[in-house]
Amino acid sequence: MKADVLLGLQWGDEGKGKAVDVLAPSYNWIARFQGGPNAGHTLWLDGNKIVLHTIPSGIFREDCMNLIGNGVVIHPPSLLQEIKALRQHGLNFVGKLMISAKAHLILPGHRLLDQAYESAKGDHKIGSTLRGIGPAYTDKYARHGLRYGDMAGAQGAALFGAAHEEHLRQIKTLGFELPTDLPNQVQEWIDAVNELLSDFSPSDGSWLLNQALDKGQKILAEGAQGSLLDVEFGAYPFVTSSHTTSASACTGLGIAPNRIGNVYGLFKAYCTRVGSGPFPTELHDQTGETLRRAGQEFGATTGRPRRCGWLDLPALAYAIRLSGVNQLIITKADILSGFEEIKIATRYQGLDNHLSPYPDNSSECIPEYKSFPGWNLAPSQSYSNRQQLPQNLQTYLNYLEDQLNLPIRWISLGPERTQVLECH
Ligand code: IMP
């Protein structure tokens, strides 16, 4: 058996939470492999909006095991708060949620350092979610990070103390003022780790997943953020601090590349981005504003308004190439309902087509567009197969499949788990 991967092909916020929840009944395990609480995976269940930040999106499905993999960075108070909020919805986690011993922890100092570095950047700031992601991965790769499993050992408290002292030293060097409630934050952090450890023993995630595959069980690796925010392949430095492409599922979970099966690539029918950085198809006009309002494009983690623009074929083809995507999922086609004209950027000026090498600095790219007549969708329940969709939407979907040379397997037409069409 092989593990499938699901990831976003844009700048995040493509609707991964809902897609994983929809696919989860076909899987025994859902495993998050990178990122941390900078993610906000939104699900609508029976009219209730639920946002998951660290917990894998398979948690709402009976009989589905969920793993927070070694590639994820965990902020203990946030994870505990997420667990407690879901318990209030009647969810039982025991035996359903595993946490890798090797997952690195976001310490209180990491969050302060994130703020200190961002404010020092002034006009050049990245637009980080300020969740401590960058500093936590920095410590991981500098080999003085602290892992979930470390906190279960006799040296846990001492390791935390030493790391915290070092963070305080760095923060002072940057001239950043410490918050007066820092001692409370530290105590809350320690209490949260202890509470998590008492309910969730640190696991060997790689061993669990490889055993599951040996037994013929199915695994879906759940990505966070989006391919164009990859630390290596995104528009550096306007990226997150982890690898968001499919290779990261191997290192972030401990699964070998020859055990990866399908790679599902998720994209919105238009583009959005939060934070700074190049966005070639960004709309600065009323159409962009209409997209933002219609799509409720405000950050699930920070509430910030998202920048909006047309679908970008060169960027999509680049993301597909980086991850070996073999099946596509399109979301939010319903948001474009009612638009008279819909555009797709088909290439950047000066380049042959959307399959040309993707420019390292896409801020200088000028997109050329192809125009499509809009569509009007009836409520999603009216459609039980793709052939029933408005002809203009079908033309748009056929064009994308043709240009990307890949099948669209699912079409999401609304936020609820029932509002999705499977194409065969
Ligand atoms: P950080 O990962 O919080 O440091 O943020 C770095 C960049 O990635 C910023 O532009 C963020 O807005 C963006 N980012 C981080 N996580 C997400 C996400 O889950 N969805 C969309 N954008 C994100």
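For clarity, every value in this text was computed on a predicted model and none was experimentally measured.

Draft legend 1. Broad picture of the pairing of strand β7 (residues 97–100). The pairing of strand β5 (residues 65–68) with β7 spans 3 bridges and is parallel. Its bridge partner lying in β7, I68 is registered against I99. Bridge count between β7 and strand β9 (residues 202–203): 2 bridges; the pairing is parallel. Looking at β9, one finds that I99 is bridged to P202.

Draft legend 2. Summary view of the environment of D312. In this fold, D312 is placed in strand β13 (residues 307–312). Its relative accessible area of 2% is what places D312 among the buried residues. Discounting chain neighbours no more than four positions away, the residues touching D312 are C271, P280, T281, A345, Y348 and Y358. A polar atom in the side chain of D312 sits 2.7 Å from the side chain of Y348.

Draft legend 3. Region of the structure containing the packing of aromatic side chains. Applying the stated rule across the entire model yields 9 aromatic pairs. Look at F372 and Y396: their rings are 5.6 Å apart centre to centre, the planes differ by 80°, and that puts the pair in the edge-to-face class. With F372 in strand β16 (residues 367–373) and Y396 in helix α11 (residues 391–404), this pair connects stretches of sequence that are 24 residues apart. Side by side, F372 and Y396 carry an identical accessibility label, which is buried. Every member of this aromatic cluster is reached through a ring pair, and the members are F372, W375, Y396 and Y399. Against the face of Y369 rests K343, its NZ or CZ located 5.6 Å from the ring centre.

Thresholds applied
- Residues numbered from 1 in each chain as written.
- Predicted model: local features only at pLDDT ≥ 70, side-chain atom pairs only at ≥ 80, totals over all residues.
- Heavy atoms only, no water.
- Pairing = 2+ DSSP bridges.
- Helix = DSSP H or I, 4+ residues; strand = E, 2+ residues; numbered from the N terminus.
- Buried < 20%, exposed > 50% of the residue type's maximum accessible area, 1.4 Å probe, protein only.
- Contact = heavy atoms within 4.5 Å.
- Polar contact = N/O pair within 3.5 Å; in protein donor to acceptor, adjacent residues only side chain to side chain.
- Phe/Tyr/Trp six-rings, centres within 6.5 Å; stacked < 30°, edge-to-face > 60°.
- Lys NZ or Arg CZ within 6 Å of the ring centre and 35° of its normal.

Purely geometric numbers; function is a separate question.
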